[in-house]
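# Architecture at a glance
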Amino acid sequence: MEVYFDNAATTKIIPEVREIMLETMEEEYGNPSSMHLKGVGAEKYLRRSRNIISKELKCEPKEIIFTSGGTEANNLALIGSAVANKRAGNHIITTKIEHASVYNPILHLEGLGFCVTFLEVDKNGRINLEHLKEALREDTILVSTMAVNNEIGTIEPIEEIAEIIKNYNKNIIYHVDAVQAFGKRVIYPKRIGVDALSMSGHKIHGPKGSGALFVDSHVKIAPILYGGGQERRLRSGTENTTAIAGMGKAVEVMYDRLEENIKKMSAVKQTLITGATQIEGVTDNSGQSPHIASLSFAGVRSEVLLHALEEKGIYVSAGAACSSNHPDVSGVLKAIGLDKELLESTLRFSFCENNTIEEAEYTVKMLKELLPVLRRFTRK
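Let me begin by describing the structure that accompanies this report. Here the structure is a predicted model, which means the values were calculated and not measured.

### Some remarks on the pattern of salt bridges
Going through the model one piece at a time under the given rule, you end up with 16 salt bridges. The shortest N-O distance in the salt bridge between Glu72 and Arg235 comes to 2.6 Å. With Glu72 in helix H3 (residues 70–84) and Arg235 in the loop between strand S8 (211–215) and helix H8 (241–256), this residue pair connects regions lying 163 residues apart in the sequence. As far as burial versus exposure is concerned, Glu72 and Arg235 are alike and both buried. In this structure, Lys133 engages Glu130 in a salt bridge whose closest nitrogen and oxygen atoms are separated by 3.3 Å. Note that Lys133 and Glu130 are positioned in helix H5 (residues 129–135) at a spacing of three residues, about one turn of the helix. Assessed through its relative accessible area of 43%, Lys133 is described here as partly exposed. Residue Glu130 is classed as partly exposed on the basis of its relative accessible area of 46%. Here the salt bridges share partners, and the residues they tie into one network are Arg48, Lys249 and Glu252.

Right, here's the structure in full:
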């Protein structure tokens, strides 16, 4: 049996997405900025995807900026808004559990002279709202937090965060990295006070290389790429029609099946956690999101267990895939105060609607077989 439990890293495209992508490659291959019919044909796919995404976010189509993925969307939101608003102040607030595509651009801004406050989180990975209230200052121009943590699945209280920020100063820009939430939760950014929101296509069965950024029309943001002025002059470069069309179709399908998908993923997650935590030395660090489970396995290094599971046809992650080239221990696990001996003994299991309870049961069975053997080997 092959079990793919690494859907927070990337997902397999669905047939509907593949079909529309082939259409654009074989038929509507024109440059969407061209004035002739081939350009007009390509541009209609951009318009269609923009309309689909804006409908799900309850915003205007013009407020959707297409990017090459979640990383570019986060960089544009953070660097673009900080640079455009630096006359209003130089203070930025974020958290200690952000994805590298938020954390590193903010470190870059810190190097440029911006002052950064990193908020604490509790043992469940939830942002400390009192710390946020204390951190806000007259010169604060930007706050950035994730909606769902990519390693442990904590759902952050973005509505409460937005309310605190806007009650303090409505001009502070609030950015949300929604890469692990979009397509899996209902979020209406304009209604709750979110000014910019990042999305990715390949986390929801769309193609890699597709992403988008919602930017409220009142927000001042500077481009980080310069060229032909596409995407409201915020993201120059010929749009990737094929990827954008695929992302739009993925969004349409995922939101159409949202409630059903949540139930499926929740059942698989619960089956895995219930079975695994009955094994000696296994603890659960998981947040509320239905598609991510984090489990620690005392006495076994995560990399060793990962490859042992791989040999059984089970694919999981030792943390965020985007950070896999960096040997440092997870900042998220450190931030939630996980026991030191478990920091390098934790795996992430992440699900999609195609995963089954049988796959979860098979994984538990393999864990029961592998862990005693690996622990004996480790002790030697």
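### Comments concerning the pairing of strand S12 (residues 346–350)
The buried fraction of S12 amounts to five of the five residues, a majority that puts the element mostly inside the structure. Alternating positions in S12 separate into two faces, Thr346, Arg348 and Ser350 on one and Leu347 and Phe349 on the other, with burial throughout. Across five bridges, the pairing between strand S10 (residues 292–297) and S12 is antiparallel. Within S12, the position partnered with Leu295 by the bridge is Leu347.

### Looking at the nonpolar core
Counting residues in hydrophobic clusters, the biggest one holds 60 residues, and the most contacted among them are Ile53, Leu57, Ile64, Tyr174, Phe182, Leu197 and Met199. The biggest single contributor to this core is H8, with eight residues. Residue contacts for Ile53: discarding those within four places in its chain leaves Ile64, Phe66, Phe182, Met199, Ala212, Met247 and Val251.

### Let's talk about the sheet that holds strand S9 (residues 282–284)
Reading across the sheet, the three strands line up as S9-S10-S12 and stay open at both edges, with antiparallel pairing between neighbours. Of all strands in the sheet, those bounded by a partner on one side alone are S9 and S12. Shown here is a sheet whose adjacent strand axes are inclined to one another by a mean of 30°, direction ignored. The pairing of S9 with S10 spans three bridges and is classified as antiparallel. Bridged to Asp284 within S10 is Leu295. This element, helix H9 (residues 258–276), spans S9, S10 and S12 of the sheet and lies at about 10° to S10. Its contacts with the sheet place helix H10 (residues 302–311) against S10 and S12, and it is angled at close to 40° to S12.

### Considerations on the packing of aromatic side chains
Counted under the stated rule, the structure contains four aromatic pairs. Between Tyr103 and Phe118, the ring centres sit 5.3 Å apart and the planes meet at 40°, which makes this aromatic pair tilted. Placement of Tyr103 in helix H4 (residues 100–111) and of Phe118 in strand S4 (residues 115–119) is noted, with a sequence separation of 15 residues between them. A relative accessible area of 28% means that Tyr103 is categorised as partly exposed. The class of Phe118 is buried, set by a relative accessible area of 19%. Sitting over the face of the ring of Tyr188, Arg191 holds its NZ or CZ atom 4.7 Å from the ring centroid.

Calculation notes
As a convention, each chain's residues are numbered from 1 in the sequence order in which they are written. Only residues with pLDDT of at least 70 are given local features in this predicted model, and only at 80 or more are side-chain atom pairs given and counted; all residues enter the totals for whole chains, interfaces and linings. For the side-chain quantities, the full set of heavy atoms in the structure was used; hydrogens and water were omitted. Note on definitions: salt bridges are taken to be side-chain nitrogens of Lys or Arg within 4 Å of carboxyl oxygens of Asp or Glu. Each helix corresponds to a stretch of at least 4 residues labelled H or I by DSSP, and each strand to a stretch of at least 2 residues labelled E; elements are numbered beginning at the N terminus. Exposure is judged per residue with a 1.4 Å probe applied to protein chains only, and the accessible area is read against the type maximum: over 50% gives exposed, under 20% gives buried, and values in between give partly exposed. For two strands to be treated as a pair, DSSP must find at least two bridges joining them. In this description, a nonpolar core means a group of buried Ala, Val, Leu, Ile, Met, Phe, Trp, Tyr and Cys residues linked to one another through side-chain atoms lying within 4.5 Å. In what follows, a contact means two residues having at least one pair of non-hydrogen atoms within 4.5 Å. Here, axes are lines fitted to C-alpha atoms. For helices the fit covers the stretch in contact, and angles between N-to-C directions go from 0 to 180 degrees. In this analysis, rings of Phe, Tyr and Trp, with Trp reduced to its six-membered ring, are considered paired at centre separations within 6.5 Å, and the interplanar angle assigns stacked below 30 degrees, edge-to-face beyond 60, and tilted for intermediate values. We call a charge positioned above a ring when the Lys NZ or Arg CZ atom is no farther than 6 Å from the ring centre and deviates by at most 35 degrees from the ring normal.

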